[in-house]
Amino acid sequence: MSRTLILVKPDGVQRQLVGDVLGRFERKGLKIAALKLVQLQTAVVEEHYAHLNDKPFFGELVSFMTQSPVVAAILEGDSAVEVGRQVIGATNPLEATMGSIRGDLAISAGENIVHGSDSDENAEIEIKRFFSELG
């Protein structure tokens, strides 16, 4: 049993896709272990995306992620990170396969509906960042 963090980004929340997005993970066998709607603070987003802080789009990314609430979820299951990444699809929706969240629903690489942890190690770090109340 492993865990992953999923964020339904502001575009997914604004477009009322939360149920569809989370349902795709559930249908693939992952279980929702924790769920919350949260307005992200700038410092949290900057920490979360620190690996991109030298990119020209970093400021836009921070503004986008703080413009409205996101839905944060901890999902559990066998190979949760790998399964989550498969369900999400490639970052660029033009490269994402049909049937994936981004292939079916995303508008652009910048507005791509969802974030998912990319490794078991990062999943645990991200879960602590977004669910610090769980200890």
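Residues numbered from 1 in each chain as written. Predicted model: local features only at pLDDT ≥ 70, side-chain atom pairs only at ≥ 80, totals over all residues. Heavy atoms only, no water.

Draft legend 1. Geometry of unusual backbone geometry. With a phi angle near 50 degrees, S79 is a residue other than glycine that sits in the positive phi range. In this fold, S79 is placed in the loop between β3 (70–77) and α5 (80–88). Despite not being glycine, I113 shows a phi value in the positive range, around 75 degrees. One can find I113 in the loop between α6 (101–105) and β4 (114–116). Given the relative accessible area of 0%, I113 is considered buried. (Helix = DSSP H or I, 4+ residues; strand = E, 2+ residues; numbered from the N terminus. Buried < 20%, exposed > 50% of the residue type's maximum accessible area, 1.4 Å probe, protein only.)

Draft legend 2. Highlighting the pairing of strand β1 (residues 2–8). In terms of burial, β1 is largely enclosed, as six of its seven residues are buried. Pairing between β1 and β3: seven bridges, direction antiparallel. Bridge assignment links I6 to a residue of β3, and that residue is A73. (Pairing = 2+ DSSP bridges.)

Draft legend 3. A look at the sheet that holds β1. If you trace the four strands from one edge of the open sheet to the other, you get β2-β3-β1-β4, paired in antiparallel fashion. Because the sheet does not close on itself, it has two edges, and the strands there are β2 (31–38) and β4. Pairwise comparison of adjacent strand axes, ignoring direction, gives a mean angle of 20 degrees for this sheet. Of the strand pairs in this sheet, β1 and β4 are connected by three bridges, and their pairing is antiparallel. Paired with L7 across the bridge in β4 is H115. Along the sheet, helix α7 (residues 120–130) contacts β1, β2, β3 and β4; its crossing angle with β1, the most-contacted strand, is approximately 55 degrees. (Axes fitted to C-alpha atoms, helices over the stretch in contact; angles between N-to-C directions. Contact = heavy atoms within 4.5 Å.)

Draft legend 4. How the structure looks around the layout of surface pockets. Here the largest pocket defines a volume of roughly 600 Å³. As for the largest pocket, its lining consists of 25 residues, of which K9, Y49, H51, L52 and H115 are closest to the centre. Every element with two or more residues in the lining of the largest pocket is listed here: α3 (42–48), α4 (58–66), β4 and α7. Sort the elements by how many residues they give to the lining of the largest pocket and α7 lands first, with four residues. (1 Å grid on protein atoms, 1.4 Å probe; cavity = no way out; pocket = protein on both sides within 12 Å on 5 of 7 lines; lining within 4 Å. Points joined across faces, edges and corners; volume = space filled by probe spheres on them.)

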